[in-house]
Amino acid sequence: MTKKTKRAIFILIFSEFLVCLGIILVIPVMPFIKTQLHLSATDMGIMNALFAFAQFVASPLIGRLSDRIGRKPVLTAGLFLYMVSEVLFALTNHLWVFNISRVIGGLSAAMVVPTAMALAADITTKQQRARVIGWLSAAFSGGLILGPGIGGILAGVSYKTPFWVAGALGLLSAVVLITLLPNDAEHEQPVATATTTTPTSHPMSRAFWTVPIIILFTMILVSSFGLQGFESIYSIYVNEVFNFSLSNIALVLTLNGLISLFFQVALFDGMVSRLGERRLIRICFFLAAVSTIWITQAHSKLEVMVATLIIFTAFDLLRPAITTLLTKASEANQGLINGLNMSLTSIGNIAGPIMSGMLLDMNTHYPYIVVAGFLIVSYLMAFLLRRPQAARPVEQS
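What this report covers is the structure whose coordinates are included nearby.

Parameters and conventions
- Residues numbered from 1 in each chain as written.
- Predicted model: local features only at pLDDT ≥ 70, side-chain atom pairs only at ≥ 80, totals over all residues.
- Heavy atoms only, no water.
- Helix = DSSP H or I, 4+ residues; strand = E, 2+ residues; numbered from the N terminus.
- Buried < 20%, exposed > 50% of the residue type's maximum accessible area, 1.4 Å probe, protein only.
- Contact = heavy atoms within 4.5 Å.
- Areas by Shrake-Rupley, 256 points an atom, 1.4 Å probe, with all protein chains shown as cover.
- Phe/Tyr/Trp six-rings, centres within 6.5 Å; stacked < 30°, edge-to-face > 60°.
- Lys NZ or Arg CZ within 6 Å of the ring centre and 35° of its normal.
- Core = buried A, V, L, I, M, F, W, Y, C linked by side-chain atoms within 4.5 Å.
- Axes fitted to C-alpha atoms, helices over the stretch in contact; angles between N-to-C directions.
- Parallel < 35°, antiparallel > 145°, perpendicular 65-115°, else oblique.
- Left-handed = near helix turned anticlockwise from the far one by under 90°.
- Nonpolar A, V, L, I, M, F, W, Y, C, P; charged D, E, K, R; others polar.
- Patch = residues over 30% accessible without salt bridge, like charges linked within 9 Å, V, L, I, M, F, W, Y side chains within 5 Å.
- Salt bridge = Lys/Arg side-chain N within 4 Å of Asp/Glu carboxyl O.
- Polar contact = N/O pair within 3.5 Å; in protein donor to acceptor, adjacent residues only side chain to side chain.

**What to know about the overall build of the protein chain**
Working step 1: When helices and strands are counted, the protein chain shows 15 helices and zero strands.
Working step 2: When the 397 residues of the protein chain are sorted by exposure, 54% land in the buried category.
Working step 3: Long-range pairs, those at least 24 residues apart, make up 84% of the contacts in the protein chain with a sequence separation of at least 6.
Working step 4: Put simply, the protein chain shows about 16500 Å² of open surface, and 69% of that area lies on carbon and sulfur atoms.

**Remarks on the packing of aromatic side chains**
Working step 1: Applying the stated criterion across every chain, the model contains seven aromatic pairs.
Working step 2: Taking the centre distance of 5.2 Å and the plane angle of 85° together, the rings of Tyr379 and Phe383 count as edge-to-face.
Working step 3: The partly exposed category is assigned to Tyr379, whose relative accessible area is 23%.
Working step 4: For Phe383, a relative accessible area of 46% corresponds to the partly exposed category.
Working step 5: Through successive ring pairs, a cluster of aromatic residues spans Phe89, Phe98 and Phe163.
Working step 6: Of note, Arg282 hangs over the ring of Phe383, and the distance from its end group to the ring centre comes to 4.8 Å.

**Here's the deal with the nonpolar core**
Working step 1: Counting 53 residues, the largest nonpolar core has Met219, Tyr234, Phe244, Ile281 and Ile295 as its most contacted members.
Working step 2: Of all the elements in the fold, those that place two or more residues in this core are α8 (211-231), α9 (234-242), α10 (246-275), α11 (277-297), α12 (301-329), α13 (334-362) and α14 (366-381).
Working step 3: If one sorts the elements of this core by residue count, α12 sits on top with 13 residues.
Working step 4: Setting aside residues no more than four positions away along its own chain, Met219 makes contact with Ile281, Phe285, Ile322, Ser378, Met381, Ala382 and Leu385.
Working step 5: Counting residues in each nonpolar core, the second largest holds 28 residues, with Val19, Ala109, Val132 and Ala174 among its members.

**With respect to unusual backbone geometry**
Working step 1: Here the phi dihedral of Asn243 falls at roughly 60°; this positive angle occurs in a residue that is not glycine.
Working step 2: Inspection of the secondary structure puts Asn243 in the loop between α9 and α10.
Working step 3: On the basis of relative accessible area, Asn243 is assigned to the exposed category, the value being 59%.

**Here we look at the environment of Val238**
Working step 1: When you line up the elements, Val238 lands in helix α9.
Working step 2: The class of Val238 is buried, set by a relative accessible area of 0%.
Working step 3: In sequence terms Val238 and Lys301 are 63 residues apart; their C-alpha atoms lie 8.7 Å from each other.

**Notes on the environment of Ser273**
Working step 1: Tracing the chain through its elements places Ser273 in helix α10.
Working step 2: By relative accessible area, Ser273 is classed as exposed at 60%.
Working step 3: A sequence separation of 146 residues divides Ser273 from Gln127, and the C-alpha atoms of the two residues are 8.4 Å apart.

**Side note on the packing of α8 against α14**
Working step 1: Packing of α8 against α14 brings their axes to within 10 Å, and their N-to-C directions diverge by 160°. By the angle between their axes, α8 is roughly antiparallel relative to α14. Once α8 is placed against α14, the crossing between them reads as left-handed. Within the contact between the two elements, α8 uses Ile215, Thr218, Met219, Val222, Phe225, Gly226, Gly229 and Phe230 and α14 uses Tyr368, Val371, Phe374, Ser378 and Met381.
Working step 2: Its residues assigned to classes, the contact of α8 with α14 comprises nine nonpolar, four polar and no charged.

**Describing the environment of Ala382**
Working step 1: Relative to the helices and strands, Ala382 is located in the loop between α14 and α15 (392-395).
Working step 2: Looking at Ala382, the relative accessible area reads 0%, which means it is buried.
Working step 3: Along the backbone, Ala382 and Leu216 are 166 residues apart, and their C-alpha atoms lie at a distance of 8.5 Å.
Working step 4: For Ala382, the residues in contact, after removing those within four places along its chain, are Met219, Ile281 and Arg282.

**Some thoughts on the packing of helix α4 (residues 71-91) against helix α7 (residues 161-180)**
Working step 1: Remark: α4 packs on α7, axes separated minimally by 8 Å, with the N-to-C direction vectors making an angle of 165°. One finds that α4 runs roughly antiparallel with respect to α7. Where α4 crosses over α7, the handedness of that crossing is left-handed. Each of Lys72, Leu75, Thr76, Leu79, Phe80, Tyr82, Met83, Glu86, Val87, Phe89, Ala90 and Leu91 in α4 lies in contact with α7, whose residues at this interface are Phe163, Trp164, Ala166, Gly167, Gly170, Leu171, Ser173, Ala174, Leu177 and Ile178.

**Overview of a nonpolar patch on the surface**
Working step 1: Nonpolar side chains collect at one region of the surface, where Phe80, Leu171, Val175 and Ile178 lie side by side and expose about 300 Å² of accessible area between them.
Working step 2: Secondary-structure assignment places Leu171 in helix α7.

**Description of the side chain of Thr92**
Working step 1: Secondary-structure assignment places Thr92 in the loop between α4 and α5 (95-123).
Working step 2: Here His94 takes part through its backbone nitrogen, which lies 3.0 Å from a polar atom of the side chain of Thr92.
Working step 3: Once residues lying within four places of it in the same chain are set aside, the contact partners of Thr92 are Val97, Phe98 and Lys160.

Quick look at the structure:
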């Protein structure tokens, strides 16, 4: 890996971390905003859903755009929009402006996250890709994990401070990206993929939608749906069923963050090299399903904690493993592929909490039984995956 490629990857990691930080930065200040501005829980829910909805709609369109005009212009525009979103949130006290800010933030995430993944796939070989996508996934997770803590600390000054700081970091990141990230034509294409970067078929044609790609996209949807379905009600579930205190929940989530980052940064590349993406995906779906069922049958807090850490770690390995395999399944149209990836993730992020909330009102165990069922189906689907190379003759026909 050349120095120019390493520099590009570092910029992508920082940009991804920053945008994911912005996704979650609003969480610690939501109670204060709700109380101070006399908003309802429904108002707050809609405000957050608008982010995911904008990301869902825009991701595949912007992914395709980045295939046509290049990655750097899209990344630059995304970081500037990120800055606008955060500054707008800091400037206002009106709900409708908050909503506009979150829509802009969703567009920003749709421009930065999948485009960064696509550029990483463009400039790495298949052997390097698992490691780099593991780093990007760790940046994604790191932003989501550290966001509430950073937001809470900065909110100690003022509840607007987190957004001013995030806006300043967005501007700095955009300037660094413009200055230091090479233009698309200047990137040194890896030898292994240099001949496959030109789209060989229209992305909406049957040649694009091979069986492996359909299965992988389905797994992306199920994994995000399952994670959000599991995570969104976790604190309520363990409090009501196992009498977890706030300190118990905080301990589990903190341990999960540390373990997930360690696995993604230090172990993911080695696990892919040793097991291969397909086997790792099967193992993760199996462990997540078994551990979800285990929680519903557990009799102690320790059992629940161990099962929870297994589930979160499995989910945090699933996403980069599936993403890595997706980038290998079709070397062309990387922007579209990663855009669809992010769009399906957004659908799961919207639908998962809604489903779990409704099922929880019926019975405390129903949400996790349903999540386990989806995970078992995905585990069985994983056996249908062929090697990515098997899809290429279809794409080029």
